[in-house]
Amino acid sequence: MNADGIDVEIKNASDKAITNLEFTTSEKLEVLKIDRIDPNETVEEFLSMEENESDGIYVLTFSRSSGENEISAGGYYTNGGSLDNKVVFIVKNDTTILNFDPSNY
């Protein structure tokens with residue numbers, strides 16, 4: 001379990017830029033903000049979870065070029081600590097896919 005946080009990778013596999021990205025936990029204590037990811041670009045960041053204390057999920061919100069706001073949520077952390085090393089979001093034209101790289105226990 002990674003009590004310090006989780007690595008996040010966001011891949012824009014869609015045809016248009018995505019903007020106003022925010023990645024956080026359901027506790028919303030720390031928020032990663034990314035202004036824009038162009039098509040075929042990938043951004044990698046680290047979300048600190050040092051202040052988290054409870055159980056929850058991960059949440060990614062962003063805007064598509066059409067102006068449509070999207071929320072993609074999933075995964076699970078417990079007692080404020082991540083059960084995974086990394087979460088990968090793949091944003092496609094019509095969906096968002098989540099993949100998790102589990103911790104080595």
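Worth saying up front: this structure is predicted, and the values here are computed from it rather than measured.

Criteria and thresholds
Residues numbered from 1 in each chain as written. Predicted model: local features only at pLDDT ≥ 70, side-chain atom pairs only at ≥ 80, totals over all residues. Heavy atoms only, no water. Phe/Tyr/Trp six-rings, centres within 6.5 Å; stacked < 30°, edge-to-face > 60°. Helix = DSSP H or I, 4+ residues; strand = E, 2+ residues; numbered from the N terminus. Buried < 20%, exposed > 50% of the residue type's maximum accessible area, 1.4 Å probe, protein only. Pairing = 2+ DSSP bridges.

(A) Up close: the packing of aromatic side chains. A full pass over the atoms with the stated rule returns 4 aromatic pairs. Centre to centre, the rings of F23 and Y58 are 6.0 Å apart; their planes meet at 10°, and the pair counts as stacked. Here the residue F23 occupies a position in strand β2 (residues 18–25), and Y58 occupies one in strand β5 (residues 56–63), the gap between them amounting to 35 residues. Of the two residues examined, F23 and Y58, each falls in the buried class. Through successive ring pairs, a cluster of aromatic residues spans F23, Y58, Y77, F89 and F100.

(B) Up close: unusual backbone geometry. For K28, which is not a glycine, the phi torsion comes out positive at approximately 55°. Relative to the helices and strands, K28 resides in the loop between β2 and β3 (31–37). By relative accessible area, K28 is classed as exposed at 61%.

(C) Just the pairing of strand β8 (residues 84–91), in detail. The buried count for β8 comes to 6 of 8 residues, which makes it a mostly enclosed element. Relative to β8, strand β1 (residues 5–12) is paired through 6 bridges, and the arrangement is parallel. Paired with I10 across the bridge in β8 is F89. Here β8 pairs with strand β9 (residues 96–102) via 7 bridges, running antiparallel. Among the inter-strand pairings, I90 is bridged to a residue of β9, identified as I97.

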